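Descriptive analysis of the structure
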Amino acid sequence: PPRNISVSIIQSGQIWEGDSVTLICSCDSNPPALNFSWFKEDESSAVGSGQSFSALQSGRFYCEAHNQHGSQRSDAVTVVVK
C-alpha cells in the first residue's frame, strides 16, 4: 500500500478570504497510487479528490492515497484563511 504520504501547501504569504490554497498529495507506492481523496478533520465525507486540492476555507486537511494493495492517510496540514 502507499506509504510516506505527505501534503505540500502551494501558497506563499498570507491567505485572504476568496483566495484558494492548492494542496498537493505525494507518496511512495508500487504500483503507483492512482486515487487520492481529501478530507477535512472532523468531517466524515471527502471534500475533494485527485492529487491536488484547492482549499477555500480554514481548517486541517489530509489526503488518503489508494492503490490495489490498500490505502494510507497523511498527517493533517493547517490552512488559515484570513
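Here the structure is shown first, and the text comes after it.
These notes cover the structure that comes with them. In this text, all values refer to a predicted model and were calculated from it rather than measured experimentally. (Residues numbered from 1 in each chain as written. Predicted model: local features only at pLDDT ≥ 70, side-chain atom pairs only at ≥ 80, totals over all residues. Heavy atoms only, no water.)

1. Brief notes about the overall build of the protein
Looking only at helices and strands, the protein features zero helices and eight strands. Mapped in sequence order, the helices and strands of the protein form the string β-β-β-β-β-β-β-β. For 82 residues, the compact-globule estimate of 2.2 N^0.38 gives 12 Å, and the protein sits close to it at 13 Å. Considering only C-alpha atoms, the protein reaches an extent of 40 × 25 × 15 Å along its principal axes. The buried share among the 82 residues of the protein stands at 33%. For the protein, the accessible area works out to roughly 5,000 Å², and carbon and sulfur atoms hold 43% of it. (Helix = DSSP H or I, 4+ residues; strand = E, 2+ residues; numbered from the N terminus. Rg over C-alpha atoms; globule rule 2.2 N^0.38 Å. Buried < 20%, exposed > 50% of the residue type's maximum accessible area, 1.4 Å probe, protein only. Areas by Shrake-Rupley, 256 points an atom, 1.4 Å probe, with all protein chains shown as cover.)

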